[in-house]
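# Overview (structure and organization)
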Amino acid sequence: MTNDEFKTLLTEYKIFLKPALFTILIENADAFSDETKLQIVEKLDEADKQMSELHDYQEKRNGIMRKGLDRIHEIYENVKARFQAEGANQKKMEVIEADKLIANL
C-alpha cells in the first residue's frame, strides 16, 4: 500500500479519528509498514461497519419508540373522549334532576 493510497483511505475515514490523530497519521504515513497501514485501515473499516450497525439499531429503536408513543397518544385520546362524554352525561343528569326539583316546587 502506497502512502498516497493510505492517505486517501485515511481521508475517507476521517470522521472516526480525532483531528490530532488524523494529522499525525497523515504526516507520518511513510513511517508505517505496509502491514501496519493495512491494520489501521482494517480497524477503521471495522469502526465504519459498527457505526452502520449502530445506526440500523437506532433506526429500529426509534421506530419502536414511535409506535409506543402513538399507542400512548391513542389511549390518551380514548380516555379523554370517554371522560368528556361522561362529563356531558353527568351534566344532562344534573339538568334533569334540577328540572324535577323545580317542577316539584
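Analysis parameters
Residues numbered from 1 in each chain as written. Predicted model: local features only at pLDDT ≥ 70, side-chain atom pairs only at ≥ 80, totals over all residues. Heavy atoms only, no water. Salt bridge = Lys/Arg side-chain N within 4 Å of Asp/Glu carboxyl O. Helix = DSSP H or I, 4+ residues; strand = E, 2+ residues; numbered from the N terminus. Buried < 20%, exposed > 50% of the residue type's maximum accessible area, 1.4 Å probe, protein only. Core = buried A, V, L, I, M, F, W, Y, C linked by side-chain atoms within 4.5 Å. Contact = heavy atoms within 4.5 Å. Phe/Tyr/Trp six-rings, centres within 6.5 Å; stacked < 30°, edge-to-face > 60°.

### Overview of the pattern of salt bridges
Between side chains of opposite charge, pairing is possible as soon as their charged atoms come close. Scanning the model with the defined rule gives three salt bridges in all. Of the charged contacts in the structure, one is a salt bridge between glutamate 46 and lysine 43, with a shortest N-O distance of 4.0 Å. Note that glutamate 46 and lysine 43 are positioned in helix 3 (residues 34-104) at a spacing of three residues, about one turn of the helix. Measuring nitrogen to oxygen at the nearest pair gives 3.4 Å for the salt bridge that ties lysine 49 to aspartate 45. Here aspartate 45 and lysine 49 lie together in helix 3, a separation of four residues that amounts to about one turn. A relative accessible area of 52% means that lysine 49 is categorised as exposed. Note on aspartate 45: relative accessible area 26%, which makes it partly exposed.

### Thoughts on the nonpolar core
Counting residues in each nonpolar core, the largest one holds 10 residues, listed as Phe6, Leu10, Tyr13, Leu17, Phe22, Leu25, Ala29, Ile40, Val41 and Leu44. Elements supplying a minimum of two residues to this core: helix 1 (3-12), helix 2 (19-27) and helix 3. Examining the composition of this core, we find that three residues originate from one element, helix 3, more than from any other. Apart from the residues lying within four places of it in its own chain, the contact partners of leucine 44 are Leu10, Tyr13, Phe16 and Leu17.

### Quick look at the packing of aromatic side chains
Aromatic ring pairs are defined here through the distance separating the ring centres and the angle between the ring planes. Evaluated as defined, the whole model comprises two aromatic pairs. Arranged with centres 6.2 Å apart and planes meeting at 35 degrees, the rings of tyrosine 13 and phenylalanine 16 form a pair that is tilted. Here phenylalanine 16 falls in the partly exposed class, since its relative accessible area comes to 25%.

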